[in-house]
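# Fold and geometry: a report
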Amino acid sequence: MKWKKFRLKTTTIACDLVVDMLMELGINGAEIEDKVPLTESDKKQMFVDILPDGPADDGIAYVSFYFEEDEDETEKMAKIKEGFNEIASFMDAGEGTIEESETEDVDWVNNWKQYFKPFSVDDVIIKPTWEEVDKADEGKIIINIDPGTAFGTGMHETTQLIIRELRKYIKGGEKVLDVGCGSGILAISALTFGADSAFGTDLDPCAITASHENTQANGIDPARFTVVEGNIIDDEKVKEQAGYGCYDIAVANILADVIMPLSKVIAPHIKKGGLFISSGIIDMKEKDVVDTIKANSDFEIIEVNHQGEWVSVTARRL
């Protein structure tokens, strides 16, 4: 169905009050656009190492809200203008002009699926759960992935770099630790290649659901893949749940600024002679990560690999 979209021009200091006013009128799901810079906390929630500089904050904000196509909005619009004028009577609320347009009803949660098609990482085929295996790919290693709202389809270079390392080093029977497991793609790849068991951690509760669903989609016994919500860097409970000195391989496809502190605390969880494979490292931060791992007497670096502008580092526990 189609929706009528209204975009009200206000100020950043008034936009919260405008949204509250809309909610009081029964209008939920307002969208805010502004040029307020991201906080450090905001940046840590994003899967981006380096953000481009945005435009300067001009104090202007736009609040968008919607009505159904056949809905008579006359009375409600009058109340919105009345409510806005009340806000403007005691603070700078800006112009208060309202633009009207029309928009299609889009399923944003699932719309991305049209762009996720099967692809290969050497002899491994990674495909969405809703696609069939191509006849030409029959006999190859098949991994089914539906990330849901978690991070990780396998299409990104950083994920592919680690999958290649797992394909190389998994010989059979290994125990794997996946830090920041997302959709579970790396742990599931390791289990498919012959690892015995995997333990995953992630800060996103959606990752727990996605990992369990993808384990089932690949016909893997759920007992082989345990996933917990939490941060293994500084959460003692998660550290205890993961266990110490028991992993043949630990993987982390996160960001350089997370991998560096992680590399200082991950060693106790890995067996001596075991591997720590990290990726998610933009090339301009390669030296920082490599130097941090080299400075840790628990590890020696045995490989640094590149794909596009991304880097993976493989280190051995001494």
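Scroll up to find the structure this text is about.
Remember, predicted model here, so these are calculated numbers, not experimental data. (Residues numbered from 1 in each chain as written. Predicted model: local features only at pLDDT ≥ 70, side-chain atom pairs only at ≥ 80, totals over all residues. Heavy atoms only, no water.)

### Section: the pattern of salt bridges
In the structure shown here, the tally under the stated rule is 14 salt bridges. Of the charged contacts, one joins lysine 4 and glutamate 73 as a salt bridge, the two residues approaching to 3.1 Å between their closest N and O atoms. Taken as a pair, lysine 4 in strand E1 (residues 2-11) and glutamate 73 in the loop between strand E3 (60-68) and helix H3 (74-88) lie far apart in primary sequence, 69 residues in all. For glutamate 73, a relative accessible area of 14% puts it in the buried group. With a shortest N-O distance of 2.8 Å, lysine 168 and glutamate 303 are connected by a salt bridge. Of the two residues, lysine 168 is situated in helix H5 (residues 157-169) and glutamate 303 in strand E13 (residues 299-307); the sequence distance between them amounts to 135 residues. Residue classification places glutamate 303 among the buried residues on the basis of a relative accessible area of 14%. Three or more residues are tied together by salt bridges with common partners; here these are Arg7, Glu33 and Glu99. (Salt bridge = Lys/Arg side-chain N within 4 Å of Asp/Glu carboxyl O. Helix = DSSP H or I, 4+ residues; strand = E, 2+ residues; numbered from the N terminus. Buried < 20%, exposed > 50% of the residue type's maximum accessible area, 1.4 Å probe, protein only.)

### Considerations on a negative patch on the surface
Together, Asp16, Asp20, Glu24, Glu82 and Glu86 make up a negatively charged patch on the protein surface. Those elements giving two or more residues to the negative patch turn out to be helix H1 (15-24) and H3. No other element matches H1, which puts three residues into the negative patch. (Patch = residues over 30% accessible without salt bridge, like charges linked within 9 Å, V, L, I, M, F, W, Y side chains within 5 Å. Areas by Shrake-Rupley, 256 points an atom, 1.4 Å probe, with all protein chains shown as cover. Lys, Arg positive; Asp, Glu negative; His and termini not counted. Charge placed at Lys NZ, Arg CZ, Asp CG, Glu CD.)

### Let's talk about the environment of phenylalanine 225
Within the secondary structure, phenylalanine 225 sits in strand E10 (residues 225-229). On the accessibility criterion, phenylalanine 225 (3% relative accessible area) is buried. In sequence terms phenylalanine 225 and glycine 184 are 41 residues apart; their C-alpha atoms lie 9.1 Å from each other. When residues no more than four places from it in sequence are discounted, the contact partners of phenylalanine 225 are Gly184, Ala187, Ile188, Leu191, Ala198, Phe199, Gly200, Ser211 and Thr215. (Contact = heavy atoms within 4.5 Å.)

### Regarding H1
Count 3.6 residues to each turn of an α-helix, and residues three or four apart come out pointing the same way. All of the buried residues in H1 are Cys15, Val18, Val19, Met21 and Leu22. Down the axis of H1, the smallest arc covering the buried residues is 160 degrees, so these residues share one side. Structurally, H1 contributes buried residues whose contacts are with E1, strand E2 (31-34), E3 and H3. Following H1 by one or two positions, glycine 26 has its phi on the positive side, about 90 degrees. (Arc of directions from axis to C-beta.)

### Examining the nonpolar core
The biggest cluster of nonpolar side chains holds 29 residues, and the ones touching the most others in it are Ile126, Leu166, Ile170 and Ile249. Those elements that provide at least two residues to this core are strand E5 (119-121), strand E6 (124-128), strand E7 (141-145), H5, helix H6 (185-193), E10, strand E11 (247-253) and strand E12 (270-282). The leading source of residues in this core is H6, at seven residues. Once you skip the residues sitting within four places of it in the chain, isoleucine 249 turns out to touch Leu166, Tyr169, Ile170, Lys175, Val176, Leu177, Leu275 and Ile277. Listed in part, the 27 residues of the second largest apolar core include Val228, Leu262, Ala267 and Ala315. (Core = buried A, V, L, I, M, F, W, Y, C linked by side-chain atoms within 4.5 Å.)

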